Amino acid sequence: MSTHTNPPTPRERLVVVGNGMAGIRTLEELLAKAPDRYDITVFGAEPHPNYNRIMLSPVLAGEKTFEQIVLNGRDWYEANGIRLLTGDRVEVIDRANCTVTAISGLTVPYDKLLIATGSTPVIIPVPGSTLTGVVGFRDLADVDTMLEAAARGGRAVVIGGGLLGLEAANGLKVKGMDVTVLHLMDTLMERQLDRSAGALLRHELERRGITVLTGADTAEIVGSEKVSAVRLKNGQELPADLVVMAVGIRPNTTLGKAAGLACGRGIQVDDAMTTSDPAILSVGECVEHRGQTYGLVAPLFEMAKVAAARLAGSAEAAYTGSVTSTKLKVTGVDVFSAGDFTGGKDCEDIVFRDAARGVYKRVVVKENRILGAVLYGDTKDGGWYFQMLKDGTEVAPVRDTLIFGQSFGGEGAANPKAAVAALPDSAEICGCNGVCKGTIVTAITEKGLSSLDEVRAHTKASASCGSCTGQVEQLLALTLGDGYAGEAKAKPMCKCTDRTHDEVRRAITALDLKTIPDVMQRLEWRTPDGCHHCRPALNYYLLCEWPGEYKDDSRSRYINERVHANIQKDGTYSVVPRMWGGLTSAKELRAIADVVDKFAIPTVKVTGGQRIDLFGVKKEDLPAVWADLNAAGMVSGHAYAKGLRTVKTCVGSEWCRFGTQDSTGLGVKLERMTWGTWTPHKVKLAVSGCPRNCAEATIKDLGVVCVDSGYELHVGGNGGMHVRACDLLVKVETEAEVLEYTGAYMQLYREEARYLERTAPWVERVGLDHIRRRLVDDAEGRAALNARFLFSQSFSQDDPWAERANGSVDRHEFAPLAQVG
Amino acid sequence: MDQSISWITVGSVEDIPRQGSRVVRTGFGDIALFRTVADEVYALEDRCPHAGGPLSQGIVHGARVTCPLHSWVIDLASGEAVGPDEGCAGHCPVRVVDGAVQLGLAAFRPGRGGCGHG
């Protein structure tokens, strides 16, 4: 039903110069609005597909790999019919003939041109600044240079104690270099932090072994061919094997200027993101808008939205400038800054200081509105302050407790009814049907509604997935007071609370709860630390809601997930190495055989999901078994997890005489994308290469059946206690669509199902129509779900075996405390 | 009662994760030491009275542990299964002195099995 034929209208030609975050975000927005309007060509000077530049610091620090920060792989360009030319810098724009010419000599004509050339690092022109070993911190090539230098050890000098400089310094320190930061001003990050916060930050960096010199003015970089030292104006000389210049960025206007476009500090654009040439738009760090240039990501995305709307034909969309906030991406150092905190006439400072905890907060208020905020050490309320700053919210009513944050005191604290009461009429209550609070309240009063069913019938609120039921009930109670009798009580999560799974999940989001004790405290748990029913559920809900932020609580995990192996009836364990798409090799089989011999493993069995299970491993042997399997390149199969288990495949077109598509290859891709995810219950996928369905794809949580013209996606199947055949969700034409649908489906399941609810009962509970509406009818929603899934995956695809095999995690699990008697 | 028991130091409280457990190997079989969220320490025979599951591998909540094999809930202070199940994991006197965990092994009382269904 998703197949549609494109009308053969002649398309306009859109050329994008710049394959970075602003340019490609514009394309994403454009494709969502007008997928068929343009033939698109993208030029990128770097040899890579589009990646998340703001995550370069985690790559430098070794917390992420390049693959994990790719935003759109080459398959995305292919799937959207975009011609991508990487490693080819555009040199000339010929505005008279409407063409661009790249360094390779390739000339491409355009009807519309989008310039998104970003910015370049500022290199201060001191003697020696062109020596080998002097780098900026701007792209992946710079990161590679730094990583190579770090691999050799030695000394690094980072010039610039701003956001980028400190992230570079931290990364190089983590990689083992001896690091000194030189900063011209006397406060680090002086554009974002005040003196107090700057001093705390400096103290923390010094505690990590980074030397910080403030008031340090660089005179010369010393060296013959390669850098050897940095000399300051006061004569001090610092030996250096690597010098990172991170003193700022400059809009990259070279191309725009050469083409004769109006340029100031950046390429000048109007509110429509159009340059002085109406056929040419520009977005991102390269532009100047109303005299402002931007170096942070949020404004770029706002610009991208406007540019996309304009390219799609809208005459109204306008960009009016951005208020920005920043966060330092140095793990373990929480710094948030937004707005103006320099103070001045009529400004009041509200300050909170807890030196022992290393917490400092300062909110600048003028005429009862927030002007700026600096948070150090505890940044969880940054988003709240920033929203009020942007909205110009009157803070007089909460002023007394403002500095303690959103969760303190009266407003919405422990009482969910108060939280709903505090919401504005425009707040969306039912995400499925887009019903806001005002609509519901009006319906209750004007139509005299008195029950949930009536509200559902009249407004559609909570009529789809039902996850907003509690809020709708609270609105009934608020509006009718004693006149609301309440509904028949839903089953609570466990004996520790009266609340249902759905209510608890909603509260986690609405009240910004970030830890299990927080949830129990705020939702008035009856037990000190819950039970074996609620704790694993809460751990999952928090993990799902706050990817990358929530710290997993291993004590709230069942033993299988705690030690990443399956406990068996005699207390021994079984381990299952991952075999991507069911493929293995002689090397892997040999390693498995060796492990079986070495640890005298009694039973080796092929599982129903086409993996090999090794039974009867003693718990204390687990780390050594994993180490040997890791050494042969195998990672955990997560056969124990409420997560993605296997992607079962047949051989498909590669060997089978009936196979229509490469089902094994697609299975491998699906498994590479989905492994490591945490889900409400176990998830199994399968890909069959033809309708003979040898991989039994139609009784899986998600099954793909390849046919001549594409791929059928089947969902909600279960081969377990109650066998349920899948429902056909949709038929698609490309592998890229299969991947996007799968990511979106996984995320919808992750966000909506109750803990320990498999996809089959979930699909039956919410109805296939609901799932079709969210995934098939709503392309934008599907893409957003998929994006949330991939974002969450960027934090979860680490092999749990590796970190336990090398002893860095939960070492105490695997050894007895003592031996006596 | 304490005077009649000889206490053996087996480690420090800090060695046992809060809401977790560690095992001590003894001549009586494995003893599981539990540390609750309130930092109380308890010692039980590391066998569920039901089907012998290793209680040390269960989830600790309040002063109880849930056996990983069939989810029987055992009271840490008495070793008794929490109703409706019946049975007792043996328990062992344990005390904490200056952060050191000491077992009174000589006074260990082995458990008795439960109804056996499961």
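The rules we used
- Residues numbered from 1 in each chain as written.
- Chains lettered and ligands numbered in written order.
- Predicted model: local features only at pLDDT ≥ 70, side-chain atom pairs only at ≥ 80, totals over all residues.
- Heavy atoms only, no water.
- UniProt positions renumbered as here; feature names shortened; annotations may be inferred.
- Helix = DSSP H or I, 4+ residues; strand = E, 2+ residues; numbered from the N terminus.
- Buried < 20%, exposed > 50% of the residue type's maximum accessible area, 1.4 Å probe, protein only.
- Contact = heavy atoms within 4.5 Å.
- Areas by Shrake-Rupley, 256 points an atom, 1.4 Å probe, with all protein chains shown as cover.
- Pairing = 2+ DSSP bridges.
- Phe/Tyr/Trp six-rings, centres within 6.5 Å; stacked < 30°, edge-to-face > 60°.
- Lys NZ or Arg CZ within 6 Å of the ring centre and 35° of its normal.
- Buried area = accessible area lost by both parts, 1.4 Å probe.
- Salt bridge = Lys/Arg side-chain N within 4 Å of Asp/Glu carboxyl O.
- Polar contact = N/O pair within 3.5 Å; in protein donor to acceptor, adjacent residues only side chain to side chain.
- Core = buried A, V, L, I, M, F, W, Y, C linked by side-chain atoms within 4.5 Å.
- Axes fitted to C-alpha atoms, helices over the stretch in contact; angles between N-to-C directions.
- Parallel < 35°, antiparallel > 145°, perpendicular 65-115°, else oblique.
- Left-handed = near helix turned anticlockwise from the far one by under 90°.
- Nonpolar A, V, L, I, M, F, W, Y, C, P; charged D, E, K, R; others polar.
- pLDDT = per-residue confidence, 0-100.

Within an unreviewed UniProt entry, the label attached to chain B reads Assimilatory nitrite reductase small subunit,Ferredoxin, and the organism entered is Azospirillum baldaniorum.

An unreviewed UniProt entry lists chain A under the name Nitrite reductase, large subunit,NAD(P)H-binding, from Azospirillum baldaniorum. For chain A, the Pathway (unreviewed entry) comment in UniProt is given as "Nitrogen metabolism; nitrate reduction (assimilation)."

Caption draft 1: Summary view of the overall build of chain A. If you tally the helices and strands in chain A, you get 26 helices and 39 strands. By residue count, 53% of the 821 residues in chain A fall in the buried class. Taking the intrachain contacts of chain A between residues at least 6 apart in sequence as the baseline, contacts between residues at least 24 apart amount to 62%. In the form shown here, chain A has an accessible surface area of approximately 35300 Å², with 50% of it arising from carbon and sulfur atoms.

Caption draft 2: Broad picture of the pairing of strand 3 (residues 29-35) of chain B. Residue and element names in this part refer to chain B. Counting buried positions over the 7 residues of strand 3 gives 5, a clear majority of the element. Count of turn residues in the strand 2 (residues 20-26)/strand 3 antiparallel hairpin: 2 residues. Here strand 3 runs beside strand 4 (residues 41-45); their pairing, made up of 5 bridges, is antiparallel. Residue pairing in the sheet places Phe-34 in a bridge with Tyr-42 of strand 4. Connecting strand 3 to the next strand, strand 4, in antiparallel fashion are 5 residues, including Asp-39 with a positive phi near 70 degrees.

Caption draft 3: Spatial organisation of unusual backbone geometry. Residue and element names in this part refer to chain A. You will see that Ala-600, though not glycine, has its phi angle at about 50 degrees, which is positive. Counting through the fold element by element, Ala-600 comes out in the loop between helix 19 (586-598) and strand 32 (603-606). Take Ala-600: its relative accessible area is 61%, and that puts it in the exposed class. For Glu-696, which is not a glycine, the phi torsion comes out positive at approximately 55 degrees. As for its position among the elements, Glu-696 is in the loop between strand 35 (683-688) and strand 36 (702-707). Overall, the relative accessible area of 39% leaves Glu-696 in the partly exposed class.

Caption draft 4: Just the packing of aromatic side chains, in detail. All names here are of chain A. Tallied over the entire structure, the rule returns 12 aromatic pairs over all chains. Ring centres of Trp-76 and Tyr-77 lie 5.0 Å apart, and the angle between their planes is 85 degrees; this geometry places the pair in the edge-to-face category. Measuring from centroid to centroid gives 5.4 Å for Tyr-749 and Trp-762, while their planes differ by 50 degrees, and the two rings are tilted. With a gap of 13 residues between them, Tyr-749 in helix 22 (residues 735-752) and Trp-762 in helix 23 (residues 759-766) connect regions that are remote in the sequence. Neither Tyr-749 nor Trp-762 differs from the other in exposure class; each is buried. Cation over ring: Lys-514 sits above Trp-546, and NZ or CZ is 4.3 Å from the ring centre. Positioned above the aromatic ring of Trp-678 is the side chain of Arg-557, whose terminal nitrogen or guanidinium carbon lies 3.8 Å from the ring centre.

Caption draft 5: Broad picture of the interface of chain A and chain B. On the chain B side, the residues contacting the 29 residues of chain A number 30 residues. Interface area for chain A against chain B, summed over the two sides, is near 2300 Å², with a carbon-plus-sulfur share of 59%. Where chain A touches chain B, the interface holds 0 salt bridges. Counting the contacts that link chain A with chain B gives 13 residue pairs in polar contact (both at pLDDT 80 or more). Of all elements in the fold, only helix 17 (534-545), helix 18 (559-563) and strand 39 (818-819) of chain A reach the threshold of two or more residues within the side of chain A that touches chain B.

Caption draft 6: How the structure looks around helix 12 (residues 437-447) of chain A. Among the residues making up helix 12 of chain A, those that are buried are Lys437(A), Gly438(A), Ile440(A), Ala443(A) and Ile444(A). Backbone geometry just after helix 12 of chain A places Gly448(A) at a positive phi near 65 degrees.

Caption draft 7: Representation of the nonpolar core in the model. All names here are of chain A. Judged by nonpolar contacts, the single largest core of 51 residues is most densely connected at Leu-14, Leu-27, Ile-40, Ile-93, Val-100, Leu-113 and Met-273. With residues near it in sequence (within four places) discarded, Met-273 still touches Leu-281, Ser-282, Val-283, Val-287, Met-303, Val-306, Ala-307 and Tyr-319. Listed in part, the 43 residues of the second largest apolar core include Leu-56, Met-146, Phe-341 and Val-374.

Caption draft 8: Looking closely at the packing of helix 12 of chain A against helix 13 (residues 452-459) of chain A. Residues and elements named next belong to chain A. As a packed pair, helix 12 and helix 13 sit with axes 10 Å apart at the nearest point and diverge in direction by 110 degrees. Between helix 12 and helix 13, the crossing angle belongs to the class labelled roughly perpendicular. Between helix 12 and helix 13 the crossing geometry is right-handed. Contact with helix 12, carried on its side by Thr-439, Ile-440, Ala-443, Ile-444 and Lys-447, involves Val-455, His-458 and Thr-459 of helix 13 and no other residues of that element. Its residues assigned to classes, the contact of helix 12 with helix 13 shows 4 nonpolar, 3 polar and 1 charged.

Caption draft 9: Just the sheet that holds strand 1 (residues 8-12) of chain B, in detail. Residue and element names in this part refer to chain B. Ordered in space as 1-9-8, the 3 strands form an open sheet in which the pairing is antiparallel. Only two strands of the sheet have a single neighbouring strand rather than two, namely strand 1 and strand 8 (94-97). Averaged over all pairs of adjacent strands, the angle between their axes in this sheet comes to 30 degrees, without regard to strand direction. When strand 1 meets strand 9 (residues 100-103), the two strands line up antiparallel, connected through 4 bridges. Its bridge partner lying in strand 9, Thr-9 is registered against Gln-102.

Caption draft 10: Spatial organisation of the pattern of salt bridges. Residues and elements named next belong to chain A. All chains considered together, the criterion is met by 50 salt bridges over all chains. A salt bridge links Glu-29 to Lys-305; the shortest N-O distance between them is 3.9 Å. Residue Glu-29 is located in helix 1 (residues 21-33), and its partner Lys-305 is located in helix 9 (residues 297-311); the two are separated by 276 residues in the primary sequence. Judged by relative accessible area, Glu-29 falls into the buried class, the value being 15%. Residue classification places Lys-305 among the partly exposed residues on the basis of a relative accessible area of 48%. Residue Lys-648 is joined to Glu-696 by a salt bridge in which the shortest nitrogen-to-oxygen separation is 2.8 Å. One end of the pair, Lys-648, is in strand 34 (residues 644-649); the other, Glu-696, is in the loop between strand 35 and strand 36, and 48 residues separate them in sequence. Among the ionic contacts, a cluster of salt bridges with common partners joins Arg-555, Arg-562, Lys-619 and Glu-813.

Caption draft 11: Layout of the confidence of the model for chain A. Per-residue pLDDT for chain A averages 89, and the proportion of residues at 70 or more is 95%. Taken element by element, chain A is modelled with least confidence in helix 11 (residues 416-422) of chain A, mean pLDDT 68, and with most confidence in strand 9 (residues 112-115) of chain A, mean pLDDT 98.

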